Amino acid sequence: MTSSRSPHRRLRRYLPAVLTAAIVASTVAATGTVMAANRAEAATTLGASATATGRYFGAAIAASKLSDTTYTRILSTEFTSVTPENEMKWDATEPSRGTFNYTSGDRIVSQAQSNGQQVRGHALAWHSQMPGWAQSLSGSTLRSAMLNHITNVATHYKGKIYAWDVVNEAFADDGQGSRRNSSLQQTGNDWIEAAFRAARAADPGAKLCYNDYNTDGVNAKSTAVYTMVKDFKARGVPIDCVGFQSHLGTGVPGDYQSNLQRFADLGVDVQITELDVAQGGNQASIYGTVTKACLAVSRCTGITVWGIRDSDSWRTGENPLLFDSSGNKKAAYTSVLNALNAGSGGGGGGGGNGGTGCTATVTPGTVWGDRYNTSVTVSGASTWTVVVTMTAPQKITSTWNGTATWDASGNVMTMKSNGSGAAFGFTTSFNGNTTARPQISSCTGS
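Residues numbered from 1 in each chain as written. Predicted model: local features only at pLDDT ≥ 70, side-chain atom pairs only at ≥ 80, totals over all residues. Heavy atoms only, no water.

Draft legend 1. Spotlight on the overall build of the chain. In terms of regular secondary structure, the chain is built from 13 helices and 18 strands. Counting only residues that meet the buried cut, the chain has 58% of its 446 residues in that class. About 16000 Å² of surface is accessible on the chain, with carbon and sulfur atoms providing 51% of the total. (Helix = DSSP H or I, 4+ residues; strand = E, 2+ residues; numbered from the N terminus. Buried < 20%, exposed > 50% of the residue type's maximum accessible area, 1.4 Å probe, protein only. Areas by Shrake-Rupley, 256 points an atom, 1.4 Å probe, with all protein chains shown as cover.)

Written out as C-alpha cells, the structure reads:
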C-alpha cells in the first residue's frame, strides 16, 4: 500500500560535475586500479554495489545536518548521489521576487562534489513551498515568474546537476487521473510543457524528470502521467525521465515492476526518487522487492532513499529508512545490499529479456578536442548484448567490434556481439557536456 502523503514540506553515475575532460585524460592510466577497487567494495556499500549494476544509489540530504559527523560519514561512504530536501525549492532559492539565494544549495553541491557524488536537483516547479510573493500571483504574471525562476536556478547550477525534478506532483489524488487544481495549473494546461522547455534551454546537459507519488502501480494517476509523457515524447517536448517517489507502507503494488517498464518503453529513464518504507515485519522484504524491480528494468537508472537515518525522516515514528537513529545498519539495509550484489553480474538485470548475466567493464580512453574514446570489455558470455546510455547532448559518432542500434532519442545504444571478440568500443562527441560519461544499463549473455 502506498502512502498518500508527500515529504515535500519543512516538517518532515557519473563523475563530479567539476571534472573536466583534461582531468579525465590524465587519469586514464589509473582506470584499471580504480575499477578493481570499486569491485572490491561492491559487497560492502550500497553505492559501490549499485555502480556495479550501472546505477546510482542516493539519499535526500539537508544542509543543516552536514555538521553531524555520523550523518556525513554514512553519506560519504554509502551513497553515490544526493538530492537536496528543501534547499533548491522555490521558497528557498527566491525568497523575494528577483532576489536569489543559493547558499544552502551550493553547500550541498560542494559537499557532493567533494565526495564524488552526482546531484539530483529538486524541484524547479511545484505548487507547494512557493514563496509568499509567488502565492499572491496568478495568470500570466505567475507563469512569467515561474519561467524566470526555472531559468535562473537551472542556469546557476548548469553543469552541476545530473537530473532535475522539473515539475513535482502536478496530478491530483482524486482517482480520476486529473491535474491538481493548483495556482500553476490555473496559468494554463500547458504549464508543465513550458516548464520543461525552459529547463532544457537553461541547462541542456541535465536530464529532465517529472516526479510524483502514488504512481507506483498502474492506476488512474500513473496512467495520466503516462499519457502526458507519451504525448511529450511524440511532440518533442524535452522529457528524459520519470521519478516514482515510492513512499510505501505494508507492501509493494503487484504491478510495480511492470509499471516502471511501461514508462521505460516510452523511451524515458525511470528513477525511484524518494524511497522509504514504514517499519514492520516486512520492511526489509519490501526494500528488497523494490531494488530488484529497478534492477529488472534496464532504464531504471537509480534509487534514492528520502533521508539517511530514521531520525532524519519526515515520517515521524515510522522508522522508514535503512539506518536507525544511531546510524546502525538495519535489516532493510542488508536486504538492499544483497539485492544489488545479486544483480551486479547482470549489469542491470538484463532488461527482463530472459538472458543470462554477464559483466561489461568500461575503460575511458583518450580525450582529444571535443571527443573521447571508450572501450568496453565483456565477461561471462561469448554472445552478448550490452545497453549503453549517454547523457545528452553527448552523441556516439562511431563504433567498432559490434553491431550497434539506437533508440529514438539517440542516447541509448544497444551493442550486440558480431564475432569480433569480447570487447567493443565507441567514440563520443562531448557537444558541450564534458563531465558525464557512458553508463552501462544492462549486459545480457547467451
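Draft legend 2. Looking closely at the nonpolar core. Ranked by internal contacts, the top residues of the largest apolar core, which has 90 residues, are Phe57, Phe79, Trp164, Val167, Phe196 and Leu322. With 7 residues, helix 9 (residues 191-202) is the largest single contributor of residues to this core. The contacts of Phe79, once residues within four sequence positions are left out, are Leu46, Phe57, Gly58, Ala59, Ile74, Gln117, Val305, Ile308 and Phe323. If you look at the next biggest cluster of nonpolar residues, it comprises 20 residues, including Val362, Val376, Val378 and Met390. (Core = buried A, V, L, I, M, F, W, Y, C linked by side-chain atoms within 4.5 Å. Contact = heavy atoms within 4.5 Å.)

Draft legend 3. Representation of unusual backbone geometry within the structure. Of note, the bond from His122 into Ala123 is cis; its omega dihedral lies within 30 degrees of zero at -10 degrees. Mapped onto the fold, Ala123 is located in strand 3 (residues 118-126). Residues other than glycine seldom take positive phi values, yet Asn214 does so here, at roughly 55 degrees. One non-glycine residue, Ser246, lies in positive phi territory at about 60 degrees. One can find Ser246 in the loop between strand 6 (241-244) and strand 7 (247-248).

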